[in-house]
Amino acid sequence: MLAFRFLRALTLVHRTTPNSSNAARSRRIQRAAFASMAYSAGPRRAWSRALLCRFHFHRARRRCAGRSRTAGVPRRPSTTGSPADGLRRLVPGGTEMDYCSLLEETADYIRCLSKQVKLMQSIVDSVGPGGR
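Thresholds, definitions, all that
- Residues numbered from 1 in each chain as written.
- Predicted model: local features only at pLDDT ≥ 70, side-chain atom pairs only at ≥ 80, totals over all residues.
- Heavy atoms only, no water.
- Helix = DSSP H or I, 4+ residues; strand = E, 2+ residues; numbered from the N terminus.
- Buried < 20%, exposed > 50% of the residue type's maximum accessible area, 1.4 Å probe, protein only.
- Areas by Shrake-Rupley, 256 points an atom, 1.4 Å probe, with all protein chains shown as cover.
- Axes fitted to C-alpha atoms, helices over the stretch in contact; angles between N-to-C directions.
- Parallel < 35°, antiparallel > 145°, perpendicular 65-115°, else oblique.
- Left-handed = near helix turned anticlockwise from the far one by under 90°.
- Contact = heavy atoms within 4.5 Å.
- Expected span 1.5 Å × (residues − 1).
- Salt bridge = Lys/Arg side-chain N within 4 Å of Asp/Glu carboxyl O.

**Student:** Could you clarify how one ought to interpret the overall build of the protein in this entry?
**Tutor:** Scanning the protein from N- to C-terminus turns up six helices and zero strands. Start at the N end of the protein and walk to the C end: the helices and strands fall as α-α-α-α-α-α. Classification of the 132 residues of the protein by burial places 33% in the buried group. Summing over all exposed atoms, the protein offers an accessible surface of approximately 9100 Å²; the carbon and sulfur share of this is 59%.

Okay, structure coming up:
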C-alpha cells in the first residue's frame, strides 16, 4: 500500500509542478513521501496522526489539534536535559507522549522509515542511472 500511495503522489508532483524550482519540487516530494507513509500506517499510531494533521488544511488542523493519545494522562514534568527529549523532538507528535508510548511509537516510526527508504531505493534502481 505504501508503494501505491507514494507512486501516485509522485505522479501528481510530476504532473503539477513541471517548471518549478528544484527546492519546491524537493519539498513536494518530501511531503508526498511522509504523507504516503502516514496514510499507510493509518490512524492507529500517534506519529502518523501528527503527520497527517500537519499536512491537512487549516480546518482539519483545528480538528486534529484537540486529539491526544494520552488525554487522561497528565503532561510529563518539564525536566530539562531528559534523555527522551531528543526522541520527543524527532518523532512527530512525541511531545504529548509519556516515555513508554514514546519508545513504542519511535520503534514503529523507525520501522516505517526503513520501509520508505527501501521503497525509494527500489524506485531509483528501477529507473536506472540518469533516467527519468
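**Student:** Quick question: what am I supposed to make of the packing of helix α1 (residues 2-16) against helix α2 (residues 22-41) here?
**Tutor:** The angle between the axes and the distance between the axes are what describe a pair of packed helices. At a minimum axis distance of 9 Å, the contact between α1 and α2 shows a crossing angle of 155°. By the angle class used here, α1 and α2 are roughly antiparallel. The handedness of the crossing between α1 and α2 is right-handed. Side by side, α1 and α2 meet where L2, R5, F6, A9, L10, V13, H14 and T16 of the first sit next to R25, R28, I29, A32, A33, S36, M37, Y39 and S40 of the second.

**Student:** I tried to follow α2 on my own but got confused; where do I start?
**Tutor:** An α-helical turn contains 3.6 residues, so any two residues separated by three or four positions project in the same direction. Taking 1.5 Å per residue, 20 residues should reach 28 Å; α2 reaches 28 Å between its end C-alpha atoms and fits that length. Listed as buried for α2 are A24, R25, A32, A33, A35, S36, M37, A38 and A41. Elements that come into contact with the buried residues of α2 comprise α1, α3 (46-55) and α6 (99-127). Note on α2: the residue one or two positions beyond its end, G42, has a positive phi of about 80°.

**Student:** Is there a simple way to explain the side chain of R45 in this structure?
**Tutor:** The residue R45 is located in the loop between α2 and α3 in this model. With relative accessibility at 15%, the residue R45 sits in the buried group.

**Student:** What is the right way to look at the environment of W47 in this model?
**Tutor:** Mapping W47 onto the fold places it in helix α3. Considering only alpha carbons, one finds W47 and Y109, 62 residues apart in sequence, at a separation of 7.1 Å. Excluding residues within four positions of it along the chain, W47 makes contact with M37, A38, A41, V91, P92, E105, D108, Y109 and C112.

**Student:** Is there a simple way to think about the pattern of salt bridges in this case?
**Tutor:** Oppositely charged side chains may form a pair once their charged atoms are brought near each other. Counting across every chain of the model gives five salt bridges. With a shortest N-O distance of 3.4 Å, R45 and E105 are connected by a salt bridge. In this pair, R45 sits in the loop between α2 and α3 while E105 sits in helix α6, placing the two residues 60 residues apart along the sequence.

The values reported here are purely geometric and, on their own, carry no functional implication.
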